[in-house]
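A structural walkthrough
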Amino acid sequence: MSVARSAEVRSAAVRGAVVRDGEARRTETPNAVMTTFASPTLGGAAQALWQVEMAPGASGPVHVMDAEQIWRAIAGGATVHLGGEDEGEDVPLAPGDTVVLPAGLVRRIEADPDAGFTAVVTGAGGARACVPGGEPVVPGWIS
């Protein structure tokens, strides 16, 4: 790499955003606590990165996302119900497991009844979620 190109790469890196630990945004819902580490409104990222913490036995709503998400289980366990309440399959997640959830897939996450569930998730910043009968909305932790 030329000296000029090296300087250009270093300069681009300096212009990148650093989101400090104290700047992370915490969002509480009845089902979980999401801590946003980067998103379009936090660091200006095109992708969002957040942590989900669910209490033992907590369950998120049946919903679809209009963009792919990747979930990495880091503590506890969960069951990912794919395809809605009465159809599809249940996929168990344990620490170290990663699940890729494509756009448009009906899903619901249920935390282990004893251990709860913690995961790190990434997906498109500004992706919209939709529950049955509802309007698509951008969840606050990925906006």
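Here, every reference points to the structure presented above.
Residues numbered from 1 in each chain as written. Predicted model: local features only at pLDDT ≥ 70, side-chain atom pairs only at ≥ 80, totals over all residues. Heavy atoms only, no water.

1. Notes on the packing of aromatic side chains
- In the structure shown here, the tally under the stated rule is 1 aromatic pair.
- Residues Trp71 and Phe117 carry aromatic rings whose centres are separated by 6.5 Å and whose planes lie at 10° to one another, so their mutual orientation is stacked. In this pair, Trp71 sits in strand β5 (residues 69–76) while Phe117 sits in strand β10 (residues 117–124), placing the two residues 46 residues apart along the sequence. Like Phe117, Trp71 is buried. (Phe/Tyr/Trp six-rings, centres within 6.5 Å; stacked < 30°, edge-to-face > 60°. Helix = DSSP H or I, 4+ residues; strand = E, 2+ residues; numbered from the N terminus. Buried < 20%, exposed > 50% of the residue type's maximum accessible area, 1.4 Å probe, protein only.)

2. Let's talk about the side chain of Arg107
- Locating Arg107 in the fold gives a position in strand β9 (residues 107–111).
- Glu68 provides the closest opposite charge to the buried, salt-bridge-free Arg107, at an N-O distance of 9.0 Å.
- Polar contacts involving the side chain of Arg107 include one to the side chain of Gln69, which spans 3.2 Å.
- Engagement of the side chain of Arg107 in a polar contact is seen with the backbone oxygen of Leu105, the distance being 2.9 Å.
- Those residues in contact with Arg107, other than ones at most four positions away along the chain, are Pro61, Val62, His63, Val64, Met65, Gln69, His81, Leu82, Leu101 and Pro102. (Lys, Arg positive; Asp, Glu negative; His and termini not counted. Salt bridge = Lys/Arg side-chain N within 4 Å of Asp/Glu carboxyl O. Polar contact = N/O pair within 3.5 Å; in protein donor to acceptor, adjacent residues only side chain to side chain. Contact = heavy atoms within 4.5 Å.)

3. So, the nonpolar core
- Residues Trp50, Val52, Met54, Trp71, Ile109, Phe117 and Ile142 are the most contacted members of the largest nonpolar core, which totals 26 residues.
- It is strand β3 (residues 47–54) that provides the largest number of residues to this core, a total of 4 residues.
- Setting aside anything within four residues of it in sequence, one finds Trp50 in contact with Met34, Thr35, Thr36, Phe37, Gln69, Ala119, Val120, Val121, Thr122, Gly123, Trp141 and Ile142. (Core = buried A, V, L, I, M, F, W, Y, C linked by side-chain atoms within 4.5 Å.)

By themselves these figures say nothing about function.
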